[in-house]
Amino acid sequence: MMMTYTTIYGLFALTSILLSNSLILMARYVRQIKTPPTDDDFEALLKEKELAEIQLAQEQRSAVGLKANLEQLEADLKKSEESLKIKAEELEAIRSSPARAS
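**A look at the overall build of the protein chain**
Move 1: Looking only at helices and strands, the protein chain has two helices and zero strands in total.
Move 2: Relative to its length of 102 residues, the protein chain is extended, with a C-alpha radius of gyration of 43 Å against a globular reference of 13 Å.
Move 3: Burial analysis of the protein chain (102 residues in total) assigns 0% to the buried set.
Move 4: For the protein chain, the distance from the average site of its 13 positive side-chain charges to the average site of its 16 negative ones is 4 Å.

Shown next, in the form of structure tokens:
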């Protein structure tokens, strides 16, 4: 079983094709590792996510500020109610005082 020149040439051609394809694939792999492929849609989604996170942080700060304002207003309202109650008692005392005097 002697190999003919045609068979040897065929094996050489197949081996050459296999090696060149593997070199091409390895070159693509190395290039992808150095600079990964970019996806415009993915980049747009990342930017939207960052903007949403920034907006959320601003809204949270705003909510904390509004909560502090609400607590201050509630404290002021409580003081005003106490002051109004004292003034109403004083007014009632004044009204009832001349009635007793007369």
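**Observations concerning a negative patch on the surface**
Move 1: Residues D39, D40, D41 and E43 make up a contiguous surface patch of negative charge.
Move 2: Using a relative accessible area of 44% as the deciding quantity, one classes D39 as partly exposed.

**Side note on a nonpolar patch on the surface**
Move 1: A surface patch of nonpolar side chains, amounting to about 540 Å² of accessible area, comprises L23, M26, Y29, V30 and I33.
Move 2: You can see V30 is positioned in helix α1 (residues 5–34).
Move 3: Relative accessible area serves as the criterion here: at 38%, V30 is assigned to the partly exposed category.

**Some thoughts on the packing of aromatic side chains**
Two aromatic rings, taken as a pair, are described by how far apart their centres are and by the angle between their planes.
Move 1: Inspection of every chain in the model, using the stated rule, returns one aromatic pair.
Move 2: Look at Y9 and F12: their rings are 6.5 Å apart centre to centre, the planes differ by 40°, and that puts the pair in the tilted class. Taken together, the residues Y9 and F12, both in helix α1 and three residues apart, mark about one turn of the helix. In terms of burial, Y9 and F12 fall into one category: exposed.

What counts, and where the lines are drawn
The written sequence of each chain sets the order in which its residues are numbered from 1. It should be noted that, the model being predicted, local features are given only for residues of pLDDT at least 70 and side-chain atom pairs only at 80 or more, the latter also being counted only at that level, while totals for whole chains, interfaces and linings use all residues. To get the side-chain values, all heavy atoms of the structure are used, and hydrogens and water are removed first. Think of it this way: any DSSP run of H or I at least four residues long counts as a helix, any run of E at least two long counts as a strand, and we number them from the N terminus. The reference for a compact globule is 2.2 Å times residues^0.38; the radius of gyration itself is calculated from the C-alpha atoms. Buried, partly exposed and exposed residues are distinguished by accessible area as a fraction of the type maximum, computed with a 1.4 Å probe on protein chains only: under 20%, between the cut-offs, and over 50%, respectively. Residues scored as charged are limited to Lys and Arg (positive) and Asp and Glu (negative), so that His and the chain ends carry no count. Charge placement uses NZ in Lys and CZ in Arg. For Asp and Glu, CG and CD serve respectively. What makes a patch is a set of residues exposed beyond 30% relative accessible area and free of salt bridges, joined within 9 Å when like-charged and within 5 Å when nonpolar (Val, Leu, Ile, Met, Phe, Trp, Tyr). Each accessible area is a Shrake-Rupley result for a 1.4 Å probe, and residues are judged covered by the shown protein chains and nothing else. Put simply, a salt bridge is a Lys or Arg side-chain nitrogen that is within 4 Å of an Asp or Glu carboxyl oxygen. For this analysis, a ring pair means two rings from Phe, Tyr or Trp (six-membered ring only for Trp) whose centres lie within 6.5 Å, classed as stacked if their planes differ by under 30 degrees, edge-to-face if by over 60, and tilted for the remaining angles.

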